[in-house]
Amino acid sequence: MSIYACRVCGNAFFEKPLLHYENMPSAAQNFPDAASLTEEAGAGLTVCQCSGCGLVQLDNEPVPYYKEVIRAAAVSAVIKDIKTRQLAGFIRKYSLQGKKIIEVGCGRGEFLELLRTLDVAACGLEYSESAAAHCVKNGLKVSRGYPDSGTGTLAGGPFDAFLLLMFLEHMPDPDSALKAIRDNLTDGAVGLVEVPNFDMMLRNKLFSEFIGDHLLYFSRETLRTTLNLNGFEVIECGELRDGYVISAVVKKRGKPDISGFYDQQTRIAAGINEYIGRFGKKKVAIWGAGHQALAIIALAKISDRIRYVVDAAPFKQGKYTPATHLPVVAPETLRADPVEAVIVMAASYSDEVAGILRREFSPALKIAILRDFGLEMIGP
């Protein structure tokens with residue numbers, strides 16, 4: 001069964017595939033024995049690219065064991081030394097000493113064993129029943145499971161950091177997996193995400209790197225896009241192991257701090273109302289019918305104290321402000337129906353408007369410009 005849309009952003013693949021191979025190994029871990037050789041056969045492999053985000057991917061279904069992490073090379077002494085130093089640096093740089101870290105797809109605990117020597121509270125998530133049991137037997141804290149839309153709350157969470165090492169590329173639904181991880185993290189949590197490097201494959205024309213196990217082929221750009229779309233900011237990104245691996249440090253994206261918006265609204269509204277109170281009833285006009293002025297008139301609740309709104313745009317004149325229903329008039333109205341003061345709310349044009357008011361209208365007219373900090377009085 002083939003798929004026709006991107007596993008990350010949902011856009012269609014380009015109509016013409018990038019590559020197609022015949023008689024490829026159906027899976028990297030599918031080694032037939034002598035008895036099954038007559039039934040075992042190669043498979044077709046089609047390499048496609050998303051027309052939206054650009055992610056290169058296969059159009060086939062995942063291998064049967066895609067939820068399990070199998071690390072043939074993880075026992076290498078060289079890899080252990082490199083990974084220990086890398087993880088120690090990660091923990092030190094992001095102040096994770098004593099914090100909770102989960103490795104998603106921990107296999108038989110190869111990297112959890114390294115974390116056990118470092119100052120963190122580490123645990124793992126692994127789908128393979130035998131691998132998870134092996135971890136537990138060796139004293140590692142590992143739960144059986146796989147990150148997807150049904151994951152819910154993971155045991156031991158929420159976590160301050162996570163590892164997702166050479167696993168994302170196997171996932172048929174990377175969005176659900178990343179969101180499941182994100183939902184089990186503390187605010188501001190960080191993570192280490194590593195995938196095979198498609199940029200290097202392009203540089204070196206490594207046609208032999210395609211295999212049915214790896215559904216997704218990330219460049220730096222498409223990895224960043226995938227992580228951004230699923231709630232993470234990429235704060236570091238580099239290459240490891242002679243360019244074979246992209247290694248990204250990510251941070252769970254938080255909500256912006258808008259706690260000051262209501263306070264600013266209250267302060268600005270109070271300043272405007274106090275200024276209007278210095279003049280006679282409905283003797284103040286607003287210059288500016290842009291969206292900011294319209295919002296401020298409504299939020300400051302001043303429509304019953306304003307005579308009219310001036311705007312130089314002819315298509316607004318003769319109409320009324322939405323929600324507050326003040327008449328929008330041409331500048332000449334300031335002569336025909338004068339007021340005592342004008343509050344300029346014209347954003348980047350405010351100084352220009354104030355200059356027009358000073359030059360072309362009564363010198364007795366009081367002028368104030370609404371700035372970010374409040375009202376600024378212009379002139380004497």
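Our structure is the block above this text.
In this report, we go over the structure that sits alongside the text. Keep in mind that this is a model prediction, so the values were computed, not measured.

## So, the sheet that holds strand 2 (residues 43–49)
Two modes of strand pairing occur in sheets, parallel and antiparallel, and in both the strands are linked by backbone hydrogen bonds. The strand order 1-2-3-9 describes an open sheet built from four strands, whose pairing is antiparallel. A single partner strand is all that each edge strand has here, and the edge strands are strand 1 (19–24) and strand 9 (216–217).

## Some words on the state of the cysteines
In protein structure, a disulfide is the covalent linkage between the sulfur atoms of two cysteines. Per the stated rule, a full pass over the model turns up zero disulfides. Cys53 supplies the cysteine sulfur nearest to Cys237, a cysteine that is in no disulfide, at a spacing of 15 Å.

## Brief notes about unusual backbone geometry
Excluding glycine, residues mostly carry a negative phi; peptide bonds, for their part, are mostly trans. Following Gly157, the chain continues into Pro158 via a peptide bond in cis, with omega recorded as 0°. Within the secondary structure, Pro158 is located in the loop between strand 6 (142–144) and strand 7 (159–165). Here Ser95, not a glycine, exhibits a phi torsion of approximately 50°, which is positive. Tracing the backbone shows Ser95 in the loop between helix 1 (77–93) and strand 4 (100–104). Judged by relative accessible area, Ser95 falls into the partly exposed class, the value being 46%. Phi angles above zero are rare outside glycine, and Lys205 is one such case at about 55°. Summarising the element assignment, Lys205 is placed in the loop between helix 5 (198–204) and strand 9.

## Here we look at the environment of Pro327
On the secondary structure map, Pro327 appears in the loop between strand 13 (306–310) and strand 14 (328–329). Through-space distance from the C-alpha of Pro327 to that of Val309 is 6.1 Å; in sequence the pair is 18 residues apart.

## A look at the pairing of strand 5 (residues 121–126)
Relative to strand 5, strand 4 is paired through five bridges, and the arrangement is parallel. Its bridge partner lying in strand 5, Ile102 is registered against Cys123. Viewed along the sheet, the connection from strand 4 through helix 2 (residues 110–115) into strand 5 turns out right-handed. As paired strands, strand 5 and strand 6 are joined by three bridges and run parallel to one another. Following the sheet pairing, Gly124 is matched in strand 6 by Val142. With helix 3 (residues 129–137) bridging strand 5 and its parallel neighbour strand 6, the resulting β-α-β unit is right-handed.

## Focus: the pattern of salt bridges
Inspection of every chain in the model, using the stated rule, returns 14 salt bridges. When the shortest N-O distance is used, the salt bridge between Glu236 and Lys93 registers 2.8 Å. Taken together, the residues span a long stretch of sequence, with Glu236 in strand 10 (residues 232–240) and Lys93 in helix 1 at a distance of 143 residues. Given the relative accessible area of 28%, Glu236 is considered partly exposed. On the basis of relative accessibility, which here comes to 54%, the residue Lys93 falls in the exposed class.

## Quick word on the packing of aromatic side chains
The description of two aromatic rings rests on the distance between their centres and on the angle between their planes. Evaluation of the coordinates by the stated rule reveals seven aromatic pairs. Residues Phe90 and Tyr94 carry aromatic rings whose centres are separated by 5.6 Å and whose planes lie at 55° to one another, so their mutual orientation is tilted. Between Tyr146 and Phe167, the ring centres sit 6.0 Å apart and the planes meet at 80°, which makes this aromatic pair edge-to-face. Placement of the pair is Tyr146 in the loop between strand 6 and strand 7 and Phe167 in the loop between strand 7 and helix 4 (174–182), with a sequence separation of 21 residues. Each residue in the set Tyr21, Phe210 and Tyr217 is aromatic and connected to the rest through ring pairs, giving one cluster. Residue placement shows Arg144 over the ring face of Tyr127; its charged tip is 4.7 Å from the ring centre.

What counts, and at which threshold
- Residues take numbers from 1 onward in each chain, read along the sequence in its written order.
- Residue-level local features of this predicted model are given only where pLDDT is at least 70; pairs of side-chain atoms are given and counted only at 80 or more, and the full residue set underlies all totals for whole chains, interfaces and linings.
- Hydrogens are left out, water is left out, and the side-chain values use all remaining heavy atoms of the structure.
- Two strands qualify as a pair provided DSSP detects at least 2 bridges between them.
- Under the scheme used here, helices are H or I runs from DSSP no shorter than 4 residues and strands are E runs no shorter than 2 residues, and both carry numbers assigned from the N terminus.
- Defined by distance alone, a disulfide is two cysteine sulfur atoms within 2.5 Å.
- Each residue is assigned to one of three classes by its accessible area relative to the maximum for its type, calculated with a 1.4 Å probe on protein chains only: buried under 20%, partly exposed between the two thresholds, exposed over 50%.
- By definition, the crossover connecting two strands over a helix is right-handed if that path, from the first strand to the second, turns clockwise as seen with the strands pointing away from the viewer.
- Counted as salt bridges are all cases of a side-chain nitrogen of Lys or Arg within 4 Å of a carboxyl oxygen of Asp or Glu.
- The pairing test for Phe, Tyr and Trp rings, Trp by its six-membered ring, is centres within 6.5 Å, and the orientation test on the planes gives stacked under 30 degrees, edge-to-face over 60, and tilted for anything in between.
- Only lysine NZ and arginine CZ atoms are considered, and such an atom sits over a ring when it is within 6 Å of the ring centre and within 35 degrees of the ring normal.

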